[in-house]
Amino acid sequence: MITQDTTRSPDLSATASGPDRAGSGPAGRPPVSRRRKKNRAWDEVPRWHIYLPLGIYLVFTLVPFYWILLFALRPTGSTSLVPWPLTFDHFEKVWTERSFATYFENSLLTGVATLIMTTLVALAGGYALARFDFKVKRWFMLALLCSQFVPGALLLVPLFQIFADLSLINSLMSVIIAETVFQLPLSIILISGFIRNVPYSLEEAAWVDGCSRFTAFRVVVLPMLRPGLVAVGSFAFVHSWNHFLFALMFLNSQDKQTIPVGLNTLMGADSVDLGALAAGGVIAAVPVVIVFAFIQKWLVTGFSAGAVKG
Amino acid sequence: MASAVAQKTSGPPRPLPRPPGRRRKGSAPRRLPYLLIAPAVLLMLGFIAYPVLSVFYYSAQHYNPTKPWRNGFAGWENFTAIFTEDTHFWGTLAFSLKWVSVEVSLQLLFGLALALIVNQTFVGRSLGRALVFSPWAVSGVLTSAIWVLLYNSQTGITRYLADVGIGEYGTSLLSDTGTVFWAAIVADLWRGVPFFAILILADLQSIPKDLYEAAEVDGASRIRQFVHITLPHLKDAIILSTLLRAVWEFNNVDLLYTLTGGGPAGETTTLPLYIAHTSVEGRDFGYASALTTVAFVILLFFSMVYLRLSKFGGETK
């Protein structure tokens, strides 16, 4: 008990003889590590209160994932609940016959371009919001907040006309612009929140050393923004990767289509080829899963940097 | 940061210069913020503000490429048609509201529970978090693809349940008007709950831990700690994310468009889906624009509430 308390904050060790629950982790556990300390107020929750609901929820989460893998990996006509014998025919089929190779390339291009554009534009706007007072600031904030309520799906017709006027129909650029624009408001709000969390005095210190504003930003602020940028960038990428309506509307030739549209065509037919649909779904999930695995540790930190409250 | 500090301590003492922007070019700092927001403003003016205005414009027009003889100024005709003649409008609006309220309240409930659970310390927490949050990344069409597979009447989950004696063979959850609503709700919860949980978890972690420590020293039970510390702290975040989520669920068409296509028999058509059908398949752009205007008015209500609650203008700290 006492050894445990010494690992905690000093003020607490004074209360070591206080109520039993105050200091004790679960019996028989090694001293609470620094990371665990954060949640010590909840340490005494019975284990099954955590594992039982979490287990049930995990089943709900994972069964659909298992299901799609199962259908993608087992031969057509099989009803076995384990994907055996293993077959990759479905993947081969969607990749070549159903042109998922092309879709994949288009989606990747669109996603990366959206990521870059969103991050750059939002970085500039977020910096302005976080560090300057200027006349139209209030209006800019109001516009950002309001535009979160404008549904892209409802603007399909005018957007189509704009892109037609710009001769961007059937060009990936139309989708990139549309995705960027609708990602921007939230991204700017998020990034300005992250920048506000970087002490201004650090930037001033760099100016004192003779850095220009831009250099100071690059050397001092940018490295500290990394979790935030990862969060915002991955949002933009994942959103553009998954989004379907803009691609469906603005791209009309098959060699320009993206993965979600490809998936939808697999679903739409009367005779649904479930194996192909599942394999296509797995292909669609792969980049997102990679991004997700990569950013997971930053995700919650990124959010708790405080910007979500708007 | 480190390099800046290092330079500062090693260099000879210098007079304090003013911020570079202000020092170098007389007018630069006043122009700089405008230059910085310019790309965002231009993009949003061109691709959000202008389209919104043109929707308002078209809502007062008859504009349908398949019926060119009728095109022209319509005044209020589109709107009177919506409220008096349209047999679908009220149904789709009612379904939208039902969809949003059920979906968002369940997401909030499960999301809060999930966030509280994965905020605990337990063995395998980071893996557990990664797994329960994973559907967050999977949205729209992919969610539909997964659930189309699960709900398939021949080879879906009902078949295997029937094998062990639950339900009947050939049950199709998506084409039965009695089950389609809940089938779609469950599919949307699957990807929506993790998102809510992530938002709430982020806020949970920002609660100062010494509040709990103090409460515990005072002998407050966990339930009291939850009611008096956790909930009040989460209140703002919960209200705002619920509102945002409601708007998002209202606007989102990806899932229902691909999962049910609005069917069976228009049973799961939300207002935005109806608008998409009207404009894309029906080519009745004027009428669709009027419907969109109505949707905007409904959303305006949400945004007013949101702006009020987020205390707009009170700079976020």
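Throughout this document, residue positions are counted from 1 along each chain, in the order its sequence is written. Chain A is the first chain written and ligand 1 is the first ligand written, with later ones labelled in order. Per-residue local features are limited, in this predicted model, to residues with pLDDT of at least 70; the limit for side-chain atom pairs, both in listing and counting, is 80 or more; totals at the level of whole chains, interfaces and linings are taken over all residues. Where side-chain values are given, they derive from all heavy atoms of the structure, hydrogens and water being excluded.

**Q** I'd like a rundown of the overall build of chain B, residues and numbers included.
**A** Along the backbone of chain B there are 14 helices and 2 strands. Residue pairs at least 24 apart in sequence account for 68% of intrachain contacts in chain B once pairs closer than 6 positions are excluded. Working definition of accessibility: Shrake-Rupley area with a 1.4 Å probe, residue cover restricted to the visible protein chains. As presented, chain B carries roughly 14800 Å² of accessible surface, and 66% of it is formed by carbon and sulfur atoms. Counting from the N terminus, the helices are the DSSP runs of H or I reaching at least four residues and the strands are the DSSP runs of E reaching at least two. Only heavy atoms enter the contact rule, under which two residues are in contact if any of them lie within 4.5 Å.

**Q** Any chance you could break down the packing of helix H10 (residues 209–217) of chain B against helix H11 (residues 222–251) of chain B for me, citing the residues and the numbers?
**A** Residues and elements named next belong to chain B. Where H10 contacts H11, the two axes come as close as 11 Å, and the packing angle between them is 150 degrees. Taken together, H10 and H11 sit at an angle that is classed as roughly antiparallel. Where H10 crosses over H11, the two elements pack in a sense that is right-handed. On H11, the residues that touch Leu211, Tyr212, Ala215 and Glu216 of H10 are Gln225, Ile229 and Thr230. Here the term charged refers only to Asp, Glu, Lys and Arg, the term nonpolar to Ala, Val, Leu, Ile, Met, Phe, Trp, Tyr, Cys and Pro, and the term polar to all other amino acids, Gly among them. Among the residues forming the contact of H10 with H11, the class breakdown is 4 nonpolar, 2 polar and 1 charged. Convention adopted: a line fitted to C-alpha atoms gives each axis, helices being fitted over their contacting stretch, and angles between N-to-C directions are expressed from 0 to 180 degrees. The scheme is simple: roughly parallel for angles under 35 degrees, roughly antiparallel for over 145, roughly perpendicular for 65 to 115, oblique for anything else. By convention the crossing between two helices is left-handed if the near helix lies anticlockwise of the far one by an angle smaller than a right angle, and right-handed if it lies clockwise.

**Q** For the UniProt feature "transmembrane region" (unreviewed entry) in chain B, give the residues involved together with the corresponding values.
**A** UniProt positions are given in the numbering used here, feature names are shortened, and annotations may be inferred rather than shown by experiment. Within this numbering scheme, the UniProt entry marks residues 32–58, 99–118, 130–150, 180–202 and 285–307 of chain B as carrying the feature "transmembrane region" (unreviewed entry). Within the segment residues 32–58 of chain B, helix and strand shares are 100% and 0% respectively, and the terminal C-alpha atoms sit 38 Å apart.

**Q** Summarise the interface of chain B and chain A; cite the residues concerned and give the values.
**A** Taken residue by residue, the interface counts 112 residues in chain B and 116 residues in chain A. Between chain B and chain A lies a buried interface of about 10800 Å² when both sides are counted; carbon and sulfur atoms form 74% of it. Put simply, buried area is how much 1.4 Å-probe accessible surface two parts lose in total, over both of them, once they are put together. On the chain B side of the contact with chain A, Phe47, Leu149 and Arg222 of chain B bury the most area, a combined 7% of that side's loss. By salt bridge we mean one thing: a side-chain nitrogen of Lys or Arg within 4 Å of a carboxyl oxygen of Asp or Glu. Put simply, chain B and chain A have 0 salt bridges between them. Here a polar contact means two N or O atoms within 3.5 Å. Within protein one must be a hydrogen donor candidate and the other an acceptor candidate, and residues neighboring in sequence count only if both atoms are side-chain atoms. Across the chain B-chain A interface, the total number found is 9 residue pairs in polar contact (both at pLDDT 80 or more). The biggest single contributor to the side of chain B that touches chain A is helix H3 (residues 28–59) of chain B, with 20 residues.

**Q** Would you mind going over the pattern of salt bridges in detail, with residue names and values included?
**A** Taken as a whole, this structure holds 5 salt bridges over all chains when the rule is applied. Residue Glu203 of chain A pairs with Arg131 of chain A through a salt bridge whose shortest N-O separation is 2.6 Å. One end of the pair, Glu203 of chain A, is in helix H11 (residues 200–208); the other, Arg131 of chain A, is in helix H7 (residues 100–131), and 72 residues separate them in sequence. Across this residue pair, the class does not change: Glu203 of chain A and Arg131 of chain A are buried. Among the ionic pairs, Asp188 of chain B bridges to Arg191 of chain B, the shortest N-O distance being 2.8 Å. Here the residue Asp188 of chain B and the residue Arg191 of chain B both occupy positions in helix H9 (residues 180–204), the gap between them amounting to 3 residues, near one helical turn. Summary of the burial criterion: residues with accessible area below 20% of their type's maximum are buried, those above 50% are exposed, and those between are partly exposed, where the area comes from a 1.4 Å probe applied to protein chains only.

**Q** Provide a residue-level description of the packing of aromatic side chains, including the pertinent values.
**A** Residues and elements named next belong to chain A. Two rings belonging to Phe, Tyr or Trp (six-membered ring only in the last case) form a pair when the distance between their centres is within 6.5 Å. Interplanar angles under 30 degrees mark stacking, angles over 60 mark edge-to-face geometry, and anything in between is tilted. Counted by the stated rule, this structure contains 36 aromatic pairs over all chains. Where Phe182 meets Phe246, the ring centres are 5.6 Å apart and the plane angle is 40 degrees; that geometry is what we call tilted. On the criterion of sequence distance, the pair formed by Phe182 in helix H10 (residues 172–196) and Phe246 in helix H14 (residues 245–250) is long-range, its members being 64 residues apart. Across the pair, Phe246 and Phe182 agree in class, each one buried.

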